[in-house]
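Listed below, chain by chain, are the residues.
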Amino acid sequence: MLNRLFVFVVCLFYSYAGYTQNPIIQTKYTADPAPLVYKDTVFLYTSHDEDNSPVGQGKFLMRDWLCYTSTDMVNWTDRGTVASLRNFEWADKAITGWGGFENGAWAPHTIERDGKFYMYCPVQGRGIGVLVADNPLGPFIDPLGKPLIGDKYDSIDPSVFIDDDGQAYLYWGNPNLWYAKLNKDMISLSGEIIKDASFAKVKDQPDPFHYQEGPWAYKRNGKYYMAYASTCCPEGIGYAMSDSPVGPWEYKGYIMPPNKKSTGNHPGIIDYKGKSYVFGFNFRLNFMITDKHHERRSVCVAELRYNPDGTIQELPWWTEEGLEETGSIDPYVVNQAETIAWASGLKTAQDSSAEGIYVTQINDGDYMKVRGVNFQRGSKAFYANVASLSGGSIEIRLDSLGGKLMGVCDVKTRGGLERWKTVTAKISKANGTHDVYFVFKGVKGADLFNFNWWRFS
Ligand code: FUB
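Counting of residues starts from 1 at the beginning of each chain's written sequence and follows it residue by residue. The predicted nature of this model means local features are confined to residues of pLDDT at least 70 and side-chain atom pairs, given and counted, to a pLDDT of 80 or more, with totals for whole chains, interfaces and linings taken over all residues. Side-chain numbers come from the whole structure's heavy atoms, not from hydrogens or water.

Caption draft 1: Focus on the site of the ligand. Around the ligand, the neighbouring residues are Asp32, Phe60, Met62, Trp106, Ala107, Asp157, Glu213, His266, Phe281 and Arg297. Think of a polar contact as two N or O atoms within 3.5 Å of one another; within protein, one of them needs to be a possible hydrogen donor and the other a possible acceptor, and neighboring residues in sequence only count if both atoms come from side chains. In this structure, an oxygen atom belonging to the ligand sits 2.8 Å away from a side-chain N or O atom of His266. Only the protein chains shown count as cover for residues, with accessible areas throughout obtained via the Shrake-Rupley method and a probe of 1.4 Å. If the ligand stood free it would expose 270 Å²; the protein chains cover 96% of that surface. For the shell around the ligand, the class distribution of residues is five nonpolar, one polar and four charged. The near set for a molecule or strand comprises every residue that places at least one heavy atom within 4 Å of it. Each residue receives one of three labels: charged for Asp, Glu, Lys and Arg, nonpolar for Ala, Val, Leu, Ile, Met, Phe, Trp, Tyr, Cys and Pro, and polar for the others, Gly being one of them.

Caption draft 2: View of the domain arrangement of the protein. Domain start and stop positions are those given by an automatic or database domain assignment. If you check the domain split of the protein, you get domain 1 (23-304) and domain 2 (335-456). Contacts between domain 1 and domain 2 engage 16 residues on the former and 14 residues on the latter. For the pairing of domain 1 and domain 2, the buried interface totals around 1300 Å² over both sides, and the portion due to carbon and sulfur atoms is 47%. In what follows, salt bridge is the name for a side-chain nitrogen of Lys or Arg lying within 4 Å of a carboxyl oxygen of Asp or Glu. Connecting domain 1 to domain 2 are one salt bridge. Measuring nitrogen to oxygen at the nearest pair gives 3.0 Å for the salt bridge that ties Asp51 to Lys347. Contact criterion: two residues are considered in contact whenever any of their non-hydrogen atoms come within 4.5 Å of each other. Two parts placed together each lose some accessible area under a 1.4 Å probe, and the buried area is that loss summed for both.

Caption draft 3: Looking closely at the side chain of Asn103. Along the chain, the position of Asn103 falls in the loop between α2 (93-96) and β5 (109-113). A polar contact is formed between the side chain of Asn103 and the backbone nitrogen of Met62, at a distance of 2.9 Å. Ignoring sequence-local partners within four residues, the contact set of Asn103 consists of Phe60, Leu61, Met62, Leu85 and Arg126. Under the DSSP-based scheme used, a helix requires at least four consecutive residues in state H or I and a strand at least two consecutive residues in state E, with every element numbered from the N terminus.

Caption draft 4: Representation of the packing of aromatic side chains. To pair, rings of Phe, Tyr and Trp, with the six-membered ring standing in for Trp, must have centres within 6.5 Å; the planes then decide the type, stacked if under 30 degrees apart, edge-to-face if over 60, and tilted in the middle. Tallied over the entire structure, the rule returns 32 aromatic pairs. Between Trp65 and Phe88, the ring centres sit 6.2 Å apart and the planes meet at 85 degrees, which makes this aromatic pair edge-to-face. Taken as a pair, Trp65 in strand β3 (residues 64-70) and Phe88 in the loop between β4 (76-84) and α2 lie far apart in primary sequence, 23 residues in all. Per-residue accessibility, obtained with a 1.4 Å probe over protein chains only, is compared with the maximum for each type, and a residue is labelled buried under 20%, exposed over 50%, and partly exposed between these values. What makes Trp65 buried here is its relative accessible area of 0%. In this structure an aromatic cluster arises from ring pairing among Phe375, Phe382, Phe438, Phe440, Phe449, Phe451, Trp454 and Phe456. Note on criteria: charge over ring means Lys NZ or Arg CZ within 6 Å of the ring centre, with the direction from the centre no more than 35 degrees off the ring normal. When the ring centre of Tyr383 is taken as origin, the NZ or CZ atom of Arg455, which lies over that ring, is 4.1 Å away.

Caption draft 5: The pairing of strand β9 (residues 168-172), seen in detail. In terms of residue burial, β9 counts as a mostly covered element, since five of its five residues are buried. Judged by which residues are buried, β9 turns out to be covered on both faces: Ala168, Leu170 and Trp172 on one side and Tyr169 and Tyr171 on the other are all buried. Bridge analysis of strand β8 (residues 159-162) against β9 gives four bridges, and the strand direction is antiparallel. Looking at the pairing, Phe161 lines up with Tyr169 of β9. In this structure, the hairpin formed by β8 and β9 is closed by a connection of five residues, where Gly166 is found at a positive phi of approximately 90 degrees. For two strands to pair, DSSP has to find at least two bridges joining them. Sheet analysis places β9 next to strand β10 (residues 178-182), joined by five bridges and oriented antiparallel. In the strand pairing of β10, Trp172 is matched with Trp178. Counting the residues in the hairpin turn of β9 and β10 gives five residues, including Gly173, whose phi is positive at 125 degrees.

Caption draft 6: Inspection of the pattern of salt bridges at higher detail. Per the stated rule, a full pass over the model turns up 20 salt bridges. Glu102 serves as the salt-bridge partner of Arg86, at 3.7 Å between the closest nitrogen and oxygen. Here Arg86 is found in the loop between β4 and α2, whereas its partner Glu102 is found in the loop between α2 and β5, with 16 residues between them in sequence. Put simply, Glu50, Arg63, Arg86 and Glu102 are held in one network by salt bridges that share partners.

Caption draft 7: Summary view of the sheet that holds β10. Across the sheet, four strands lie side by side as β8-β9-β10-β11; this open sheet has antiparallel pairing. Each edge of the open sheet carries a strand with a single partner, namely β8 and β11 (189-195). Within the sheet, the average angular offset between the axes of one strand and its neighbour, ignoring direction, is 20 degrees. Lines are fitted to the C-alpha atoms to define the axes, a helix being fitted only along its stretch in contact, and any angle between axes, read from their N-to-C directions, falls within 0 to 180 degrees.

This is how it looks when you write it as structure tokens:
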């Protein structure tokens with residue numbers, strides 16, 4: 001209870017101060033971001049630190065891989081678990097030991113080729129597997145039934161880059177950087193597995209690269225980039241450049257220097273709607289509720305800027321302000337409640353019924369923010385699809401937690417957290433673009449209702 005109160009007070013402060021964007025996902029602990037731009041959408045694949053991960057550095061508890069999508073870089077829609085250790089039969093403890101299906105779902109990377117989606121997944125201690133799907137959200141299947149890269153070769157943190165000539169490269173490794181060419185099928189290797197010479201650590205020799213793990217390769221204006229988690233610990237994000245996808249690489253410095261606030265970091269870099277972005281993670285949400293280190297990380301994002309010579313401008317540690325939105329939300333269509341810019345006290349859950357993902361664990365005083373809602377046709381009424389337990393209400397406010405109250409939507413008891421009903425309320429007029437806050441009210445300490453979708457008319 002004291003924890004929840006502390007989180008609420010901290011969030012209240014940041015909300016009034018105009019902050020509240022990084023980390024970008026607050027309803028679960030997410031790490032190891034692997035963004036993919038596909039058509040007009042950013043698909044952000046992440047690993048997932050369980051809420052009950054134990055105290056202690058390196059004590060990961062990770063079972064599955066998640067996906068979030070956005071078209072404006074600030075509101076992220078939870079797409080749920082897209083794959084888990086259970087996708088790999090060979091992850092079973094009976095076969096390999098390790099954590100079986102209960103632990104070891106480390107940093108993934110998903111890439112599209114010819115309309116198929118390939119998700120490379122490290123299964124800690126057991127190797128790197130590959131999953132294939134016809135859709136970026138799955139269902140993903142394991143076409144090999146065995147690891148693509150075995151349990152040698154420092155087999156974690158895969159990332160794939162496809163060059164302009166169609167050749168795909170798979171990079172991975174901690175503490176060494178390894179790579180191999182992939183065949184066009186993306187699920188088999190073409191040629192040898194190679195330990196990258198530039199990044200190789202030589203005993204008693206200085207290591208300018210400070211490479212740790214989390215390689216992320218890409219090409220820009222004819223130059224190849226290799227970003228990675230560098231220095232340890234804490235980890236920053238370093239990068240190197242080359243004229244070829246396989247080096248030799250030249251160390252260029254930090255994209256983000258390490259910071260004591262976070263033991264780890266892990267880059268994912270994209271270009272989207274004319275800007276460049278780097279994703280990574282911090283521990284802000286964990287340390288908002290405890291002073292103890294749990295491996296409960298949270299994905300963050302910052303805009304990345306290049307110098308005229310192609311080098312990257314060094315960024316400060318993840319700011320709490322985050323980004324400006326690059327799009328807007330249409331309030332007159334059904335918007336999933338799990339599309340969120342900032343949430344306080346809330347969780348998301350996945351329903352096997354048609355309702356899919358929804359916001360849950362709603363208690364008195366919890367709230368969520370949706371940024372850039374464009375009321376171009378004004379507003380008269382608010383509709384919310386909810387499933388109520390003890391019931392409560394939704395205050396609809398503009399621009400801040402204490403901002404203009406547009407109206408209050410009652411959610412009456414309807415007997416069950418999965419019996420979905422649409423409730424409605426008359427509201428005052430809004431024009432133009434606003435951040436909308438849904439502030440939940442009800443009996444203190446009770447689970448009030450689940451929230452599936454909303455819209456305005
Ligand atoms: O998330 C588990 C491991 O922690 C990843 O594989 C590393 O990159 C580090 O982030």
